Amino acid sequence: MATTNNVTELILLGFSPNQDVQKTISVMFLLMYTAIVLGNGLIVVTIMGNKGPTSPMYFFLGYLSFVEICYCSVTAPKLILDSFIERKIISLKGCITQIFFLHFFGGTEIFLLTVMAYDRYVAICKPLHYTVIMNRRACGLLVGAAWGGGLLHSVGQTFLISQLPFCGPKVLDHYFCDVHPVLKLACSDTFLIGVLIITNGGCISVISFTVLLASYVVILHALSTQTSEVRRTALSTCASHVAVVGLFFIPCSFVYMRPCVTLPADKIVAVFYTVVTPLLNPIIYSFRNAEVKNAMRRLIGRKVIW
């Protein structure tokens, strides 16, 4: 395989060649990105504050909200800034860096969602041992494992892409750098690397989805013997988690668990897991939760008094 790169920068096509349409889309992204940072940031501050909710579920939720902010920040700011620039370019090194952080935070989010499913399993199926099993040290180790898993996944994807030579064309039909559209620009045989990329992402998705599915099968079985009030409370919490998992996993699976080809719908699908899920997370998972809302009111009340 040749290792000489004649390409030092790539041109991003964005959503549309029409500048007016691109600017309209950028304004929408700016509004959504602002809402993501404010909504998820408020959750992080509330949960990590001294008087925020203290159960392991909220501990994981705080980290999930932080990851959502970071994940969206990998792609949205550049799209917004590019609307003011006629020639939308990104250096090859910058492109590979964007891929690294995109998969780092995306992989971490997948593992955090899996950890949160395990937390719900322990809370519902082993309530008497919940505080012992999900102690502070165990929660810290699980969060560390999620970050570590995301890092390993990202390093694997980035390493594979960085081995490819790029000698033209240099036009990327997307609004950010990702493995499939970048792979399409390589001027060498990419079959083997494409298989390894799918295997990397696919294994993580399949394993995480299997753990999630197993957790909820056991949870539903355990709830069948509980009272209607207990079932209603537990299912309300689980439904929020399932909604977030669905919004993130379904579009991700569409993009990453198929042969390395690009489709016209990829840009629209990517919006769901890079912007829509982080935007809806505070609404689905937090603002409808009485304990989180009360903690937010206390936090805002203290700020007003100060």
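Residues numbered from 1 in each chain as written. Predicted model: local features only at pLDDT ≥ 70, side-chain atom pairs only at ≥ 80, totals over all residues. Heavy atoms only, no water.

### Overview of the packing of helix H4 (residues 92–125) against helix H9 (residues 228–256)
Running from N to C, H4 and H9 point in directions that differ by 150°, and their axes come no closer than 11 Å. Viewed along their axes, H4 and H9 adopt a mutual orientation that is roughly antiparallel. Judged by the twist between their axes, the crossing of H4 over H9 is left-handed. The segment H4 lies against H9, with Leu102, His103, Gly106, Glu109, Ile110, Leu113, Met116, Ala117, Arg120 and Ile124 engaging Ala234, Thr237, Cys238, His241, Val244, Val245, Phe248, Phe249 and Tyr256. When the residues that make up the contact of H4 with H9 are grouped by side-chain class, the tally is 13 nonpolar, four polar and two charged. (Axes fitted to C-alpha atoms, helices over the stretch in contact; angles between N-to-C directions. Helix = DSSP H or I, 4+ residues; strand = E, 2+ residues; numbered from the N terminus. Parallel < 35°, antiparallel > 145°, perpendicular 65-115°, else oblique. Left-handed = near helix turned anticlockwise from the far one by under 90°. Contact = heavy atoms within 4.5 Å. Nonpolar A, V, L, I, M, F, W, Y, C, P; charged D, E, K, R; others polar.)

### Considering the state of the cysteines
Applying the stated criterion to the full structure yields two disulfides. A disulfide bridge connects cysteine 95 with cysteine 177, and the sulfur atoms are separated by 2.1 Å. Disulfide cysteine 95-cysteine 177: the torsion about the S-S bond is -120°, which places it as left-handed. Here cysteine 177 lies in the loop between strand S3 (171–172) and helix H7 (179–185) and cysteine 95 lies in helix H4, a separation of 82 residues in the sequence. Here cysteine 167 pairs with cysteine 187 through a disulfide, and the sulfurs are 2.1 Å apart. Of this pair, cysteine 167 sits in the loop between helix H6 (136–162) and S3 while cysteine 187 sits in the loop between H7 and helix H8 (191–223), and the two are 20 residues apart along the sequence. Residue classification places cysteine 167 among the partly exposed positions, given a relative accessible area of 36%. (Disulfide = S-S within 2.5 Å. Buried < 20%, exposed > 50% of the residue type's maximum accessible area, 1.4 Å probe, protein only.)

### Section: the sheet that holds strand S2 (residues 89–91)
An order of S2-S1-S3 is seen for the three strands of this open sheet, with the pairing classed as mixed. Looking along the sheet, the strands with just one partner apiece sit at the ends: S2 and S3. Where strand S1 (residues 9–12) lies against S3, two bridges are found, and the strand directions are parallel. Each residue of the ladder has a partner; that of isoleucine 11, found in S3, is valine 171. Helix-sheet contacts for H4 involve S1 and S2, and the interaxial angle to S2 is about 85°. (Pairing = 2+ DSSP bridges.)

### Overview of the nonpolar core
In this structure, Phe29, Phe105, Ile161, Phe166, Tyr175, Val182 and Tyr273 are the most contacted members of the largest nonpolar core, which totals 85 residues. Ranked by residues supplied to this core, first place goes to H4 with 16 residues. Among residues more than four places away in sequence, those in contact with valine 182 are Cys95, Ile99, Ile161, Phe166, Leu172 and Cys177. (Core = buried A, V, L, I, M, F, W, Y, C linked by side-chain atoms within 4.5 Å.)

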